[in-house]
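One-letter residues, chain by chain:
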Amino acid sequence: MACVLALTPGTATADNPIVQHIYTADPAPMVHNGRVYLYTGHDEDGSTYFTMREWRVFSSADMVNWTDHGSPMNLATFAWADANAWAGQVIARNGKFYWYVPVRQRSNGQMVIGVGVADSPTGPFRDALGRPLVGNNEIDPHAFIDDDGQAYLYWGNPGLWYVRLNPDMISFSGSATRIPLTTAGFGTRTGNASRPTLYEEGPWVFKRNGLYYNVFAAECCSEFLAYSTATGPTGPWTYRGTIMPRQGASFTNHAGVIDFQGGSYFFYHNGALPGGSGYTRSVAVEKFTYNSNGTFPTINMTTTGAPQIGTLNPYVRQEAETIAWGAGIETEASSEGGMNVGWIENGDYIKVKGVAFGAGATAFSARVASATSGGRIEVRLDSATGPTVGTCTVGGTGGWQTWTTTTCAVNGATGTHDLYLRFAGGSGNLFNINWWQFSGTAGSANLLTNGDVENGTTGWGVHGSGTLARNTTVAHGGGGSLSITGRTGAWNGPGQDVTARLTNGKSYTTNVWVRAQSGTPPAKATLSLTAGGTTSYLQLTPAVGVTVNGWTLLTGTTTVSWSGTLSNATFYVETAQGTDSFLVDDASFQ
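This one's a predicted model, so the numbers in the text were calculated from it and none came from an experiment. (Residues numbered from 1 in each chain as written. Predicted model: local features only at pLDDT ≥ 70, side-chain atom pairs only at ≥ 80, totals over all residues. Heavy atoms only, no water.)

Peer 1: What should I look at first to understand unusual backbone geometry in this one?
Peer 2: Trans is the prevailing form of peptide bonds, just as negative phi is the prevailing case for residues other than glycine. Backbone torsion omega between Cys 221 and Ser 222 reads 10°, so that peptide bond is classified as cis. Structurally, Ser 222 is set in the loop between strand S17 (211-218) and strand S18 (224-230). Its identity as a non-glycine residue notwithstanding, Asn 84 has a phi of 70°, on the positive side. Mapped onto the elements, Asn 84 comes out in the loop between strand S6 (81-83) and strand S7 (89-93). At Asn 209, a residue that is not glycine, the phi angle is positive and equals roughly 50°. (Helix = DSSP H or I, 4+ residues; strand = E, 2+ residues; numbered from the N terminus.)

Peer 1: Teacher, can you tell me more about the packing of aromatic side chains here?
Peer 2: For any pair of aromatic rings, the description consists of the separation of the ring centres together with the inter-plane angle of the planes. Scanning all chains against the criterion turns up 39 aromatic pairs. With 5.2 Å between their ring centres and 80° between their planes, Phe 251 and Tyr 279 make a pair best called edge-to-face. Taken as a pair, Phe 251 in the loop between strand S19 (238-244) and strand S20 (256-260) and Tyr 279 in the loop between strand S21 (263-270) and strand S22 (282-288) lie far apart in primary sequence, 28 residues in all. For Phe 251, a relative accessible area of 26% gives the class partly exposed. Put simply, the rings of Phe 206, Tyr 213, Tyr 227, Phe 266, Phe 288, Tyr 290 and Phe 296 pair up and form one aromatic cluster. Just above the ring of Tyr 290 sits the side chain of Arg 208; from NZ or CZ to the centre is 3.8 Å. The ring of Trp 435 has Arg 317 sitting right over it, with the charged end atom 4.0 Å from the ring centre. (Phe/Tyr/Trp six-rings, centres within 6.5 Å; stacked < 30°, edge-to-face > 60°. Buried < 20%, exposed > 50% of the residue type's maximum accessible area, 1.4 Å probe, protein only. Lys NZ or Arg CZ within 6 Å of the ring centre and 35° of its normal.)

Peer 1: Would you explain the sheet that holds strand S31 (residues 388-394) in this entry?
Peer 2: Remark on secondary structure: sheet strands pair via backbone hydrogen bonds, oriented parallel or antiparallel. The strand order across the open sheet formed by five strands is S25-S28-S33-S30-S31, and the pairing between neighbours is antiparallel. Only two strands of the sheet have a single neighbouring strand rather than two, namely strand S25 (325-327) and S31. Each strand axis lies, on average, 20° off the axis of its neighbour in the sheet, ignoring direction. Inspection of the sheet shows strand S30 (residues 375-381) paired to S31 by six bridges, in the antiparallel sense. Residue pairing for S31: Gly 375 is matched across the bridge by Val 394. (Pairing = 2+ DSSP bridges. Axes fitted to C-alpha atoms, helices over the stretch in contact; angles between N-to-C directions.)

Peer 1: Explain the environment of Asn 455 here, please?
Peer 2: In this fold, Asn 455 is placed in the loop between strand S34 (432-440) and strand S35 (461-463). Put simply, Asn 455 and Ala 576 are 121 residues apart on the chain and 28 Å apart in space, counted from C-alpha to C-alpha.

Peer 1: Please clarify how the pairing of S18 should be interpreted in this entry.
Peer 2: As a general feature of sheets, a regular strand has side chains that alternate between the two faces. Within S18, seven of the seven residues are buried, which leaves the element mostly enclosed by the surrounding structure. Residue alternation in S18 divides its side chains into two sets, Phe 224, Ala 226, Ser 228 and Ala 230 and Leu 225, Tyr 227 and Thr 229, and both sets are buried. Linking S17 back to S18 in an antiparallel pair, the connection comprises five residues, with Glu 219 at a positive phi of about 45°. Relative to S19, S18 runs antiparallel, the two being bridged by five bridges. Each bridged residue has a counterpart across the sheet, and for Ser 228 the counterpart in S19 is Tyr 239.

Peer 1: Mind showing me how you'd approach the confidence of the model for the chain here?
Peer 2: Note: predicted coordinates in regions of low pLDDT should not be interpreted at a detailed level. On average, residues of the chain score 93 in pLDDT, and 97% of them reach the 70 mark or higher. Taken as a whole, residues 1-11 scores under 50 in pLDDT and shows 29 contacts with residues more than four places along the chain or in a different chain. (pLDDT = per-residue confidence, 0-100. Contact = heavy atoms within 4.5 Å.)

Peer 1: Where do I start with the pattern of salt bridges in this structure?
Peer 2: Charged atoms that come close allow side chains of opposite charge to pair. Within this structure, the stated rule accounts for 21 salt bridges. Between Arg 104 and Asp 82 there is a salt bridge whose closest N-O contact spans 2.9 Å. Pair noted here: Arg 104 is in strand S8 (residues 96-105) and Asp 82 is in strand S6, with a separation of 22 residues, a long-range link. Under the relative-accessibility criterion, Arg 104 is labelled partly exposed at 31%. (Salt bridge = Lys/Arg side-chain N within 4 Å of Asp/Glu carboxyl O.)

Peer 1: Mind showing me how you'd approach the sheet that holds S19 here?
Peer 2: The sheet built from four strands is open, its strands ordered S16-S17-S18-S19 with antiparallel pairing. Bordering the open sheet on either side are strand S16 (199-208) and S19, each of which pairs with just one other strand. Strand after strand, the sheet turns through a mean of 25° between neighbouring axes, direction not considered. Sheet analysis places S17 next to S18, joined by seven bridges and oriented antiparallel. Bridging across to S18, Asn 214 finds its partner in Ser 228.

Below, the structure is given as structure tokens:
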């Protein structure tokens with residue numbers, strides 16, 4: 001059983017580390033289509049060395065509730081490798097995603113850099129080359145694409161190297177170049193003549209306001225996180241100092257830095273979970289603000305973590321493996337796609353942070369399976385021992401992947417709260433849970449009929465021209481999505497009449513998942529309002545590029561108001577391309 005934690009309910013007031021059901025290490029965050037995708041290594045339970053056989057992916061839209069996407073790449077992906085699935089990094093280009101990883105080459109026992117490629121940020125990834133991309137028995141690759149389109153791959157321990165990647169991202173021009181490790185560039189280490197600078201490993205290179213930053217792990221052991229800057233991508237570098245001091249119960253550390261939704265975030269790892277150490281590590285994150293001169297502030301490890309961006313919508317389907325904090329649970333691949341939460345025993349729980357119930361939820365549904373006699377889901381607020389607003393009974397279904405939906409009444413869930421799903425029953429494993437969703441009263445419920453598209457095209461029509469159908473092959477959640485073809489204009493798209501459901505002057509939040517059928521068109525949700533004989537168009541979400549490779553969330557909150565008598569209001573989804581086909585799923589407007 002993976003990293004089963006004996007945590008008290010009070011422990012869940014923390015949000016760091018951000019994954020609790022397995023040990024994770026070497027964070028590599030990537031922002032893509034309104035989400036942060038976090039790529040990590042996986043320290044095996046009880047490790048006394050860097051025993052790592054696979055890589056993992058998590059994602060979040062709010063920096064606190066993280067969805068477990070499982071392991072889309074492991075050592076078996078590279079037939080020529082036999083060990084050491086260590087620190088890698090993913091970058092997007094050419095409509096694909098490239099995962100650079102260090103592995104041990106079977107033929108010579110040397111550490112080399114392999115590259116996996118996928119059509120989606122969550123994989124599956126495949127070996128792009130069938131051989132190493134580059135190798136010199138050093139580790140920790142990191143890719144960076146400069147403003148002029150030139151891509152670089154950096155790596156190294158004990159040295160620091162780079163190559164200029166070609167546009168295909170799986171070949172390079174010239175040969176590997178060693179970056180001079182000078183004390184001016186990387187600080188002074190004392191007591192180790194063979195390593196005179198502080199640079200140890202784990203370079204993370206990025207550009208901000210015309211300046212290049214190289215964040216790295218410094219001076220093992222134990223490591224701290226430091227950085228240097230340069231006016232060019234290959235130096236010369238100038239050492240700038242410590243970002244994160246030596247802290248935590250791990251003798252290594254590894255940084256990842258991103259900007260997301262107007263904030264800056266610093267990822268790292270420590271040994272904070274029960275059983276944690278330098279070989280059983282856990283990824284964490286802090287929000288920070290650069291100093292006015294562009295330098296990093298000192299960033300300390302906390303158990304609080306980053307603040308939540310916005311709130312979570314409980315009235316659309318949420319994956320059970322979307323978790324702010326979990327106790328006792330594990331995840332596994334689901335027969336219905338994606339992952340499910342399993343190995344649930346009496347007293348285990350899941351915390352989901354910042355759930356916006358609005359005027360009130362009236363029912364809770366969950367997709368469950370059990371090869372035993374099941375148990376109960378206690379729907380609680382604000383802690384694992386908080387008020388119970390509903391209890392769902394889960395019966396035996398005849399198998400751990402034999403799914404059914406259970407529903408129970410909810411009373412007292414209003415406003416915004418942390419949601420705790422506490423699991424109860426007899427001894428042993430009780431049941432699995434795949435997803436959950438609330439339904440609500442007027443003012444909190446989804447104004448869209450059949451927003452999850454589980455009842456065919458019921459409730460949906462076409463705004464403008466086009467043909468609607470239910471696609472049962474590709475879905476964001478459940479058994480199908482909404483397909484529109486035959487559009488003749490940008491403003492054509494699937495829509496619903498919401499005239500009778502709107503309140504003048506009220507704010508509404510939109511969430512809708514969209515997937516292109518061709519190209520990468522910008523998509524958005526729009527509200528057409530006709531009042532007093534005049535029609536206006538209100539943009540409900542920012543326009544975001546969508547792709548054929550995966551689902552993109554369009555989300556936004558807008559105040560809807562009009563003058564005169566409202567005669568028509570239509571919610572619809574459109575793309576700028578105008579004649580392309582696309583898919584819509586799990587839509588809410590509330």
